[in-house]
Amino acid sequence: MRAMSFALLPAVALVAQAPANADLAQRFNSELPGLNQMLKELKAQEALVKVETLIPAQRPAFDASSSQAIGKSLDNAQGLMSLYRLHANIASEAGQWEKAIEIQERRARDARAILADLEKAQSPLAAQWKKATQDSTDYVAKNEARKLELEPKVNAFKAEYDEIKAGKKKLSRKEADEFNARAAEIQNDEQELAQITAALPVHKQNLITAPKVTKLLNDNRKEVEGMIQAADEAVAKAKQAVSTQNDEITKFNTDQVLKKVKIVGKKNWVDAVLRNPENVTKLSGAQAQAGFLNRLLVLDPGNAAAQKALDNLKQGKEPFPKDAKGAKKGGAKKK
């Protein structure tokens, strides 16, 4: 559908803008496997550094120079949204949930800016096709009937002319004068008929093409609206995760204060979580466990227990390996 031309009668011209300067969809597709592998190897921090180099400092300009260019700009926009999503996911795995919120919010802002660009590009097209549809509808309604009126009249005159020319029909001087007078009128009718015959297929094609163009324009808009909705949902989800965790920490710290325990930031909560290894081991897979430990280290930087558990995972061990059983005390009985 995106390769479809918007040409009509008269042809539509769009004002060119600076073209998008990067194929972000291709960039996302080429870099995704490597970044996923880094996450599987529990290298979330390294992956975060890498993905940050893939995000353009500014949103690429929306190219509205043609229908094909609009399609390419939308593909590029999808690539940008995918890179933002990947960036936020990696930030989350690195424990930086607040950073993930910022990334998702930027994603939502850019999605709305893309919609504004799209509307600016498509509004003239929509207006021109609306006018073309009305003009073509009127032309067909008026001139199909006119064509049916002119064709027998012109054809009858031509047939009569052929008979006269072939000598099959003789005319008196009066009849000849009348015939010549009619010839001038028929010549005008024939020119009008030729114009109608040439223009009708173009207008009929406009009426066939118009619904397809309208659908394409609507589909383009729905595509970007989908980007906005997905981004908004991602922002809400990221904020909810942070809010829920903050509420849990606040409740825990409040209980500790009532017990007259000294509170040190979020360290008390992190220590309490780590005292029960199941809080980590219940998570499915080393990658999820490492992601949670990364989060604990963001909440309590330098926490030795969390760092040790993370190091164990990176070495292919359990996060909290059980101590090997000690040798039995006492030597063997002497005989």
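Small disclaimer: the values here were computed from a predicted structure and weren't measured.

What counts as what
Residues numbered from 1 in each chain as written. Predicted model: local features only at pLDDT ≥ 70, side-chain atom pairs only at ≥ 80, totals over all residues. Heavy atoms only, no water. Axes fitted to C-alpha atoms, helices over the stretch in contact; angles between N-to-C directions. Helix = DSSP H or I, 4+ residues; strand = E, 2+ residues; numbered from the N terminus. Parallel < 35°, antiparallel > 145°, perpendicular 65-115°, else oblique. Left-handed = near helix turned anticlockwise from the far one by under 90°. Contact = heavy atoms within 4.5 Å. Nonpolar A, V, L, I, M, F, W, Y, C, P; charged D, E, K, R; others polar. Salt bridge = Lys/Arg side-chain N within 4 Å of Asp/Glu carboxyl O. Buried < 20%, exposed > 50% of the residue type's maximum accessible area, 1.4 Å probe, protein only. Arc of directions from axis to C-beta. Polar contact = N/O pair within 3.5 Å; in protein donor to acceptor, adjacent residues only side chain to side chain.

## Considerations on the packing of helix 8 (residues 286–299) against helix 9 (residues 304–314)
Part 1 of the reasoning: At a minimum axis separation of 9 Å, helix 8 and helix 9 run at an interaxial angle of 155°. Taken together, the axis directions place helix 8 and helix 9 in an arrangement best described as roughly antiparallel. Read as a crossing pair, helix 8 and helix 9 show a hand that is left-handed. Note on element contacts: helix 9 touches helix 8 through Ala306, Gln307, Ala309, Leu310 and Leu313, opposite Ala286, Gln289, Ala290, Leu293, Asn294, Leu296 and Leu297.
Part 2 of the reasoning: The residue makeup of the contact of helix 8 with helix 9, split by class, is 9 nonpolar, 3 polar and no charged.

## Re the pattern of salt bridges
Part 1 of the reasoning: Applying the stated criterion to the full structure yields 16 salt bridges.
Part 2 of the reasoning: With a shortest N-O distance of 2.9 Å, glutamate 192 and arginine 146 are connected by a salt bridge. Here arginine 146 lies in helix 4 (residues 97–165) and glutamate 192 lies in helix 5 (residues 173–258), a separation of 46 residues in the sequence.
Part 3 of the reasoning: Residue classification places glutamate 192 among the partly exposed positions, given a relative accessible area of 25%.
Part 4 of the reasoning: By relative accessible area, arginine 146 is classed as partly exposed at 23%.
Part 5 of the reasoning: Here the residues in one salt-bridge network are Glu119, Arg221 and Glu225, joined through shared partners.

## Focus on helix 9
Part 1 of the reasoning: By the burial criterion, the buried members of helix 9 are Ala306, Ala309, Leu310, Asn312 and Leu313. Taken around the axis of helix 9, the buried residues stretch over an arc of 155°, which confines them to a single face.
Part 2 of the reasoning: Here the buried face of helix 9 lies against helix 6 (267–275) and helix 8.
Part 3 of the reasoning: Its side-chain oxygen 3.1 Å from the backbone nitrogen of alanine 305, asparagine 303 forms the N-cap of helix 9.
Part 4 of the reasoning: Backbone geometry just downstream of helix 9 places glycine 316 in the positive-phi region, at approximately 80°.

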